[in-house]
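# Close look at the chain arrangement
The residues making up each chain are set out below.
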Amino acid sequence: MKRISVTVNGVRHEADVEPRTLLVHFIREQLELTGTNVGCDTSSCGACTILMNGQSAKSCTVLAVQADGAEVTTVEGLASNGDWHPVQKAFHEQHGLQCGFCTPGMMMAAVGYLDENPSPTEDEVRLALEGNLCRCTGYHNIVKAVLAAADDMGS
Amino acid sequence: MIPASFDYERASSLDEALSLLAAGGEDARPLAGGHSLLPLMRLRLARPSLLVDIGGIDELRGVQDDGDSVTIGALTTHHEVAGAAALTGGSGLIAKVAEGIGDPQVRHRGTLGGSVAHADPASDLPAALLALDAEVTLAGPGGTRSVAAADFFVGPFMSAADDGEIVTGVRVPKREGWGSAYQKFQRRAQDWAIVGVAAVVNWTDSGIAGAAIGLTNMGGTPLRAHAVEAALTGTSEKAQILAAVSKVSELETPPADENASSEYRLHLAQVLISRAVAEAAGCPGMQR
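In this numbering scheme, every chain counts its residues from 1 along its sequence in written order. Written order decides the labels, with chains lettered from A and ligands numbered from 1. Reporting in this predicted model follows two pLDDT cut-offs: at least 70 for local features of residues, and 80 or more for side-chain atom pairs to be given and counted; totals over whole chains, interfaces and linings ignore these cut-offs and use all residues.

## With respect to the nonpolar core
- The term nonpolar core refers to a group of buried residues, namely Ala, Val, Leu, Ile, Met, Phe, Trp, Tyr and Cys, whose C-beta atoms join them within 7 Å. Residue burial is a threshold on neighbouring C-beta atoms within 10 Å of the residue's own C-beta, all placed from the backbone, with 20 or more meaning buried, 12 or fewer meaning exposed, and counts in between meaning partly exposed. Ranked by size, the top nonpolar core spans 92 residues in total, and within it Ala128, Ala131, Ala199, Ile213, Ile273 and Val277 of chain B carry the most contacts.
- Ranked by the residues each element gives to this core, the list is headed by helix 11 (residues 262–281) of chain B, at nine residues.
- Both domains that meet at this core, namely domain 1 (61–173) and domain 2 (182–283) of chain B, each give it at least three residues.
- Residue pairs are scored as contacts if the distance between their C-beta atoms, which are placed from the backbone, is within 7 Å. Excluding residues that lie within four positions of it along the chain, Ala199 of chain B makes contacts with Ala131, Ser180, Ala181, Ala211, Ile213, Ile273, Ala276, Val277 and Ala280 of chain B.
- The next biggest cluster of nonpolar side chains, apart from the first, holds 50 residues, and it includes Ile4, Leu51, Cys60 and Met107 of chain A. What counts as a helix is a DSSP run of H or I of at least four residues, what counts as a strand is a run of E of at least two, and both are numbered from the N terminus. Delimitation of the domains relies on an automatic or database domain assignment.

## Brief notes about the interface of chain A and chain B
- Between chain A and chain B, the contact holds 24 residues from the first and 23 residues from the second.
- Among the elements that take part in the side of chain A that touches chain B, strand 4 (residues 55–58) of chain A stands out by supplying four residues, more than any other.
- Nonpolar residues are Ala, Val, Leu, Ile, Met, Phe, Trp, Tyr, Cys and Pro. Charged residues are Asp, Glu, Lys and Arg, and all others, Gly as well, are polar. When grouped by side-chain class, the residues that make up the side of chain A that touches chain B number nine nonpolar, ten polar and five charged.

## Quick notes on unusual backbone geometry
- Phi is positive for Ser43 of chain A, which is not a glycine, with a value near 60°.
- Following the sequence through the fold, Ser43 of chain A ends up in the loop between helix 1 (23–30) and strand 3 (49–52).
- Phi angles above zero are rare outside glycine, and Phe157 of chain B is one such case at about 60°.
- By the element assignment, Phe157 of chain B lies in the loop between strand 8 (153–155) and strand 9 (158–159).
- When the 16 C-beta atoms within 10 Å are taken as the criterion, Phe157 of chain B is described as partly exposed.

## With respect to the pairing of strand 5 (residues 69–73) of chain B
Residue and element names in this part refer to chain B.
- For two strands to be treated as a pair, DSSP must find no fewer than two bridges joining them. Here strand 4 (residues 63–65) runs beside strand 5; their pairing, made up of three bridges, is antiparallel. For Val63, the partnering residue across the bridge sits in strand 5 and is Ile72.
- The loop that links strand 4 with its antiparallel partner strand 5 comprises three residues; one of these, Gly67, has a positive phi angle of about 95°.
- Alignment of strand 5 against strand 10 (residues 166–173), held across five bridges, turns out to be antiparallel. Bridged to Thr71 within strand 10 is Arg171.

## Structural notes on the domain arrangement of chain B
Residues and elements named next belong to chain B.
- Domains assigned within chain B are domain 1 (61–173) and domain 2 (182–283).
- The partner domain 2 presents 20 residues to the 20 residues of domain 1 that form the contact.
- Elements that contribute at least two residues to the side of domain 1 that touches domain 2 include exactly helix 4 (92–99), helix 7 (124–131) and strand 8.
- If one sorts the elements of the side of domain 1 that touches domain 2 by residue count, helix 7 sits on top with six residues.
- For the side of domain 1 that touches domain 2, the class distribution of residues is 13 nonpolar, four polar and three charged.

Put into structure tokens, the structure is as follows:
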């Protein structure tokens, strides 16, 4: 076992983990933050996307020990004081989800991207979400939601 | 899928990493971003006994402009390489290739050194390094050395790096004035390239003064299309260029797999070389 210290959604957690524990399992099973989903389990689908030191990452392809000392944000960390993050609001208002399974990963990828590029074009949003798959194929409204969030955050 | 058990140590310096690897024996492996190694470990196709995490060694990170060449540290992520301003001229090829690896999440974690050390014949960077006559730098218990990309990739997932050695970076000649392009053909977005073509071209008023072409997934290692390069030099008309590109048939027969027969790979290579050369030369009339 290895002792790690990871700050998740602003809260510092000290824990003992096996080196082979994946970050997504640490988040879901040890911290009991189950908003982050495991989809394909092969670094393809993006359902497990979190922010690691501000950048989007697939937490099924990161070892928990690699996150020692890192700042992690999961979907549970988006809202503040009960107020939804503009990306959450936009997904709600634009109906940017159908079954909802890909939604946490989509939103985390979008939040990471909008931090890098606050006023993207539609094509840029589509490219930025290339690492996130929606099995319902609800991409149209997902892209609309990200563009709406960008507008909201810019105004 | 969870990897088999292994020991884990985090190194804070290159020297410490080398000692940990030496003490760990032949099944010890360095770990950077883990975006090549961890997927293999999760499928249990790789079972290292010890991972030495080099991810925190800052001396291995960053892009340095050395005038006529650029040195890229092994831990520089694909995302950072894609945005590196020092990669001008022909060396811009490396940035273009990095920009098309995986997806944003993968590019945030995956590193240049990890991709090079992994030596997957289907991965994109090796062919680009080969086309640019780049050098791979290594550190080991016996000191540091540099190996030409042409000698570094020796077989599928096999490189000239010895046990206990760590890829510390690459040195890429800039080739100012040259243009570059990377063309890959995939069955689905983000799949490995069935065939990829990395081209750098020196286009002058009198046509192609020089060209170098690296091929992805046309053999067990990345390959250079030397016959095509020689035939391209001195050409300027579309018909001449297409005739030169047909020399790709002189390559050794490429492998067949579930995605493509050997013949189809050769066809793809020919089409993609034409496109890549046209793009690199900056003559859009050549492109289809």
